[in-house]
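Overview (structure and organization)
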There are 2 protein chains.
Amino acid sequence: MTQTRRTRSWWGWGHVEDALSDEECAQLTDRVRALIPDADLTVHDPPDPHDITLPAPRIELPGPLAHLASDEHIDRLSHSHGKAFRDVVRALHGEFDSVPDQIVRPTTEQDVVDVLSWAGDAGVVVIPFGGGSSVVGGVEPRDRTGGAGVVSLDMSAMDRVLELDEVSRSARIQAGTFGPHLEDQLRPSGYTLRHFPQSFEFSTVGGWLATRAGGHYATGYTHIDDLTQSLRVVSPAGVSESRRLPGSGAGPSPDRMFLGSEGILGVITEAWLRVQPRPRWKATASVAFAEYDRGVDAVRELSQSGLAPSNCRLLDPVEAKINAGSTSSVLVLGFESTDHPVQPWMGRALEIARDHSGELTGPVTYTDSATTTGVDRSTGDAAQSWRSSFIRMPYQRDALAARGMIVETFETACTWSMFPALKAAVEAAAATAMEEVGVTGALSCRFTHVYPDGPAPYFGVYGAGEWGRTVEQWDHIKRAVSDALIAHGGTITHHHAVGRDHVPWYREQRPDLFAAALRAAKDALDPAGVLNPGVLLRERT
Amino acid sequence: MTQTRRTRSWWGWGHVEDALSDEECAQLTDRVRALIPDADLTVHDPPDPHDITLPAPRIELPGPLAHLASDEHIDRLSHSHGKAFRDVVRALHGEFDSVPDQIVRPTTEQDVVDVLSWAGDAGVVVIPFGGGSSVVGGVEPRDRTGGAGVVSLDMSAMDRVLELDEVSRSARIQAGTFGPHLEDQLRPSGYTLRHFPQSFEFSTVGGWLATRAGGHYATGYTHIDDLTQSLRVVSPAGVSESRRLPGSGAGPSPDRMFLGSEGILGVITEAWLRVQPRPRWKATASVAFAEYDRGVDAVRELSQSGLAPSNCRLLDPVEAKINAGSTSSVLVLGFESTDHPVQPWMGRALEIARDHSGELTGPVTYTDSATTTGVDRSTGDAAQSWRSSFIRMPYQRDALAARGMIVETFETACTWSMFPALKAAVEAAAATAMEEVGVTGALSCRFTHVYPDGPAPYFGVYGAGEWGRTVEQWDHIKRAVSDALIAHGGTITHHHAVGRDHVPWYREQRPDLFAAALRAAKDALDPAGVLNPGVLLRERT
């Protein structure tokens, strides 16, 4: 990674230096006008952050912990929201109703223990904070007034790869490690986690684990759950460390209780994760389907073939038009291996695509990093270019949000048999809801992950909103599509987590008895209710 | 499956009609004498079960449930133990210290609800019972005197495949369905679960789920956990049903809480499981390694290759000598697919084996069930023969147990880096412990499953014991090897479960905080402590 010092945006995604250039903005607004001719697109610049008034911090950390704490204005602002569309727009409006009183950056596990101990005694709420890239209100102290004060526990100072076990292909990694810094530390040994959520640059290992992040691979072992060998977690009740095991049948999995617990049971401080050598052989292809349904059938067969493509992302016609300049549905297909050339795999996959009337849109690319020159991370293959563009999407989102557009995504997973009705219902619900709030625009869909029993569809909303009302407009649309997801057999989230925003639908989805068990576990590990109240569980009255 | 009515053994494994023939017994004892020349091998026949005195049942089911209950002598005997070596030997000695008062066979979910409700009011303990094949004391009412009485809740009357969703490749299956009956119901549609634990014939879907059974595949998705789409569970606090989802990131997985809960949180009544079409293409090969360590290296590379062989079982020299008539280490290697011929996969796997000085012991067999005649379930390939012999092993165990031999297995999983020291420590502990109790014999090892980060080694003890003391002798050996497993980074069980026998080592292994959370969950779902006390958790005093 470049060593140039860059500045994190206090209101939007990523680095200030990486925001869209004027030229990129012009191209983007041209594309939007092609889709929505009457979009306003007046630019609304963010306020000067120092003009935003925040309530005085209600708490101070005790002496021994004071050096870890910050109540600087910008620090408090940038720990108030996640990075959803509604977070960015509220920041653009200077709306910060929910701010932490202090930001605390532990440097050791003992610091975490001490902060939780103090917070329990002081009646202070602690919100674990990784990269702050939550798009579901997971790090927002929304019910701030309830307690004596709120600490945002920023884990980013615990950012090292502590051990690498090459024989067992696993690495012990501190929770505050950001994606690029993780890969930087693994690269000299030739290893990689190959876990690239869209938030990769601005999210941490601990955040991935706490929210069950979805990763790079479109099939097979891709959720961070599958890459977890053991966890170390600090709860108010003590420290939990699971054994490093490749598999076990000894009781329910301890790790699976903490995976997805979103900071309500404990603070993940480190993990042994399954790493691998960097892949040597890659193949990529792009296949067009005149009929979307045939593309779905092809992807279903691929997901059930045992071929395990690393990329198998079907863009529906709207998504393909917006992001790939195509009028058909497009399947982005890829294979990679550290062990063997992947021609037989890609060959069979293309047979399946052709059986469903798919047509290659260009040459199939095969690369072998040992013999191909000029293949690097930025220019290696189409999948890599797609990923680069994918990584730029949040910056585009911010540029459009500042122009009064509603640009947001939501995602789910369902069985193959339920998918057609779910997609139709979501499209209908979105269209109705958009009309109800006067938003014209489009809804796109792609698959981020596919399983033998169903896909993980990822929807994008692009609509011309009314500046000043876009959060309210989006919230209306979001409620409608969430209702449709739950009514048609989906999950409220495949990899974005529940946070605070998804709680109403999560309550409909999870079994009541599981909620009772989770509440009981929470009370056992966090009896004072210090950790991230408002997430996952209904608060006790 | 044959429709011939067969009789379950009341004291040993499986069907009476499938016990070893006189000729097989003679062959087996010859093989034992070759290994242990001075083994006694006098046959000790089981007692007449009617000569065994049992205490009178302390309870009766109330009127509306009475028709589901049985207190017949043989029924109570056969629900008293699992099928571990120590269970079989105790039965041969007529030792039944722990018997249930009543066997109850629910036919509907409401029956399960009613039984749990009555039991909670009456202070009766309920032990969920699938096939009764536990080898860890999981179904034994060992602390029988503590309560008002004990019900063994035999789920075998709930044995149907209720729905098949071919598009999503999933089936809704009642928990009491035995392996063969499950496959019989799926076969007409061309589907299979392809989950073949060694207990396959005599264990149920619910048992597999409650104990996190390990399945057919040596790599990849093989634990029943991976095949689970959703669960329906009856707890004293109510009924829990999870959503059918191919993947989800909404909070910790509800299913993963019940998977491995061994009946302490609820009674699994049905599940949606991931099925697949019967495989068409198969390949099998057998590779010998003069040096065991090179074989381990080869298997490690295979496990990390992404090739995902369906069979990848390395037998150490002792195991190979006993079960494959070889003096080298032997790797049984297999691939299978419903989608494509598997030559490229097997070809690359054999390259890896050769790189580590492995030598094929015979031809590589490729079959295509669409073109090959005479390939059926019993004669199809070497892996199938191996599996047939594998399925006979418990019958051999019983024949030898009745001849004063100690024949038992234990299993674990650990990282690749820890494996050499773990194996050496287990071998040393077993040798010392066997000597301490005057047992001569051998310890064998094979891998049942392999992961990129480590193997699941499965050990077999074959020793000449002293009739009347073999349980005590085995318990001594078992304690020693279990201590070694835990001391060297293993799990006390990879797929046999914890039950009652493994509790001391499970306590050392699982994080204390997880135990506190599990106890809290248990108290929330089963406040009266009806369900399977003594398993997993320390009982409250």
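First, a word on what this report is: a plain description of the structure on this page. (Residues numbered from 1 in each chain as written. Chains lettered and ligands numbered in written order. Predicted model: local features only at pLDDT ≥ 70, side-chain atom pairs only at ≥ 80, totals over all residues. Heavy atoms only, no water.)

Let's shift gears to the environment of W474 of chain B. Residues and elements named next belong to chain B. Following the sequence through the fold, W474 ends up in helix α14 (residues 470-487). Separated by 76 residues in the primary sequence, W474 and D398 place their C-alpha atoms 15 Å from one another. The contacts of W474, once residues within four sequence positions are left out, are F85, I406, E408, T409, F410 and V461. (Helix = DSSP H or I, 4+ residues; strand = E, 2+ residues; numbered from the N terminus. Contact = heavy atoms within 4.5 Å.)

Our next topic: the interface of chain A and chain B. Bring the parts together and some accessible area is lost; that lost area is often taken as the interface size. Taken together, the contacts link 84 residues of chain A with 84 residues of chain B. Taken as a group, R243, P252 and L513 of chain A account for 12% of the area that chain A buries against chain B, more than any other trio of residues on that side. The interface formed by chain A and chain B contains four salt bridges. Its salt-bridge partner being D453 of chain A, residue R274 of chain B comes within 2.6 Å of it at the nearest N-O pair. Applying the counting rule to chain A against chain B returns 37 residue pairs in polar contact (both at pLDDT 80 or more). Tallying contributions element by element places helix α16 (residues 512-525) of chain A first for the side of chain A that touches chain B, with nine residues. (Buried area = accessible area lost by both parts, 1.4 Å probe. Salt bridge = Lys/Arg side-chain N within 4 Å of Asp/Glu carboxyl O. Polar contact = N/O pair within 3.5 Å; in protein donor to acceptor, adjacent residues only side chain to side chain.)

When chain A is fitted to chain B, the best match, at an RMSD of 0.0 Å, comes from turning it 180° and sliding it 0.0 Å along the axis. Expressed as a symmetry operation, the mapping of one chain copy onto the other fits a two-fold axis. Relative to the rotation axis, the C-alpha of A520 of chain A is the closest in chain A, positioned 2.6 Å from it. (Least-squares fit on C-alpha atoms with pLDDT ≥ 70 in both.)

Turning our eyes to something else, we now look at the packing of aromatic side chains. Counted under the stated rule, the structure contains 16 aromatic pairs over all chains. Between W13 of chain A and F202 of chain A the ring centres are 5.5 Å apart and the planes differ by 80°, which places this aromatic pair in the edge-to-face class. With W13 of chain A in the segment before α1 (22-35) and F202 of chain A in the loop between β7 (191-192) and α7 (205-211), this residue pair connects regions lying 189 residues apart in the sequence. Each member of the pair, W13 of chain A together with F202 of chain A, is buried. Between F200 of chain A and W208 of chain A, the aromatic rings sit 6.5 Å apart at their centres with planes inclined by 15°, giving stacked as the arrangement. The class of W208 of chain A is buried, set by a relative accessible area of 2%. Over the ring of Y292 of chain A we find K423 of chain A, and its NZ or CZ is 4.3 Å from the ring centre. Across the ring face of W272 of chain B, the terminal group of R244 of chain B is positioned such that the distance to the ring centre comes to 3.6 Å. (Phe/Tyr/Trp six-rings, centres within 6.5 Å; stacked < 30°, edge-to-face > 60°. Buried < 20%, exposed > 50% of the residue type's maximum accessible area, 1.4 Å probe, protein only. Lys NZ or Arg CZ within 6 Å of the ring centre and 35° of its normal.)

Another aspect to go through is the pairing of strand β4 (residues 150-154) of chain A. Residues and elements named next belong to chain A. Among the five residues that make up β4, five are buried, leaving the element largely enclosed by the rest of the structure. Burial along β4 is two-sided: V150, S152 and D154 and V151 and L153, pointing in opposite directions, are all buried. Examined bridge by bridge, strand β2 (residues 102-104) and β4 share three bridges and lie parallel to one another. Bridge pairing links Q102 to V151 in β4. Summarising the sheet, strand β3 (residues 125-129) and β4 pair through five bridges and their orientation is parallel. Following the sheet pairing, P128 is matched in β4 by L153. (Pairing = 2+ DSSP bridges.)

A few words on the environment of A66 of chain B. Residue and element names in this part refer to chain B. Within the secondary structure, A66 is located in helix α2 (residues 63-66). For A66, a relative accessible area of 37% puts it in the partly exposed group. It is 8.5 Å that separates the C-alpha atoms of A66 and V104, two residues lying 38 residues apart in sequence.

Turning our attention to α16 of chain A. Residues and elements named next belong to chain A. When the terminal C-alpha atoms of α16 are compared, their 20 Å separation across 14 residues agrees well with the 20 Å that a helix rising 1.5 Å per residue should span. Across the 14 residues that make up α16, a large majority, ten, are buried. Every buried residue belonging to α16 is among L513, F514, A515, A517, L518, R519, A520, A521, K522 and L525, and all of these are buried. (Expected span 1.5 Å × (residues − 1).)

Positive phi, normally seen in glycine, also occurs at E262 of chain A, with a value near 50°. With respect to the helices and strands, the residue E262 of chain A is situated in the loop between α8 (254-258) and β10 (267-274). Although it is not a glycine, L536 of chain B sits at a positive phi angle of roughly 65°. Here L536 of chain B shows up in the segment after α16 (512-525). Taking relative accessible area as the criterion, L536 of chain B reaches 1% and is therefore assigned buried.

So, on to the sheet that holds strand β5 (residues 161-165) of chain A. Through backbone hydrogen bonds, the strands of a sheet pair up, either in parallel or in antiparallel fashion. Residues and elements named next belong to chain A. Pairing is antiparallel across the open sheet formed by five strands, whose spatial order is β5-β6-β10-β8-β9. With one partner strand each, in any of the chains shown, β5 and β9 (238-241) form the two edges of the open sheet. Across the sheet, the mean angle separating the axes of adjacent strands is 10° when strand polarity is ignored. Alignment of β5 against strand β6 (residues 170-174), held across four bridges, turns out to be antiparallel. (Axes fitted to C-alpha atoms, helices over the stretch in contact; angles between N-to-C directions.)

Looking now at the side chain of S329 of chain B. Considering the arrangement of structural elements, one finds S329 of chain B in strand β14 (residues 329-337). Each residue touching S329 of chain B, except ones within four places of it in the same chain, is listed here: V287, A288, F289, Y292, L314, L315, D316 and P317 of chain B.

That's the geometry; what it means functionally is another story.
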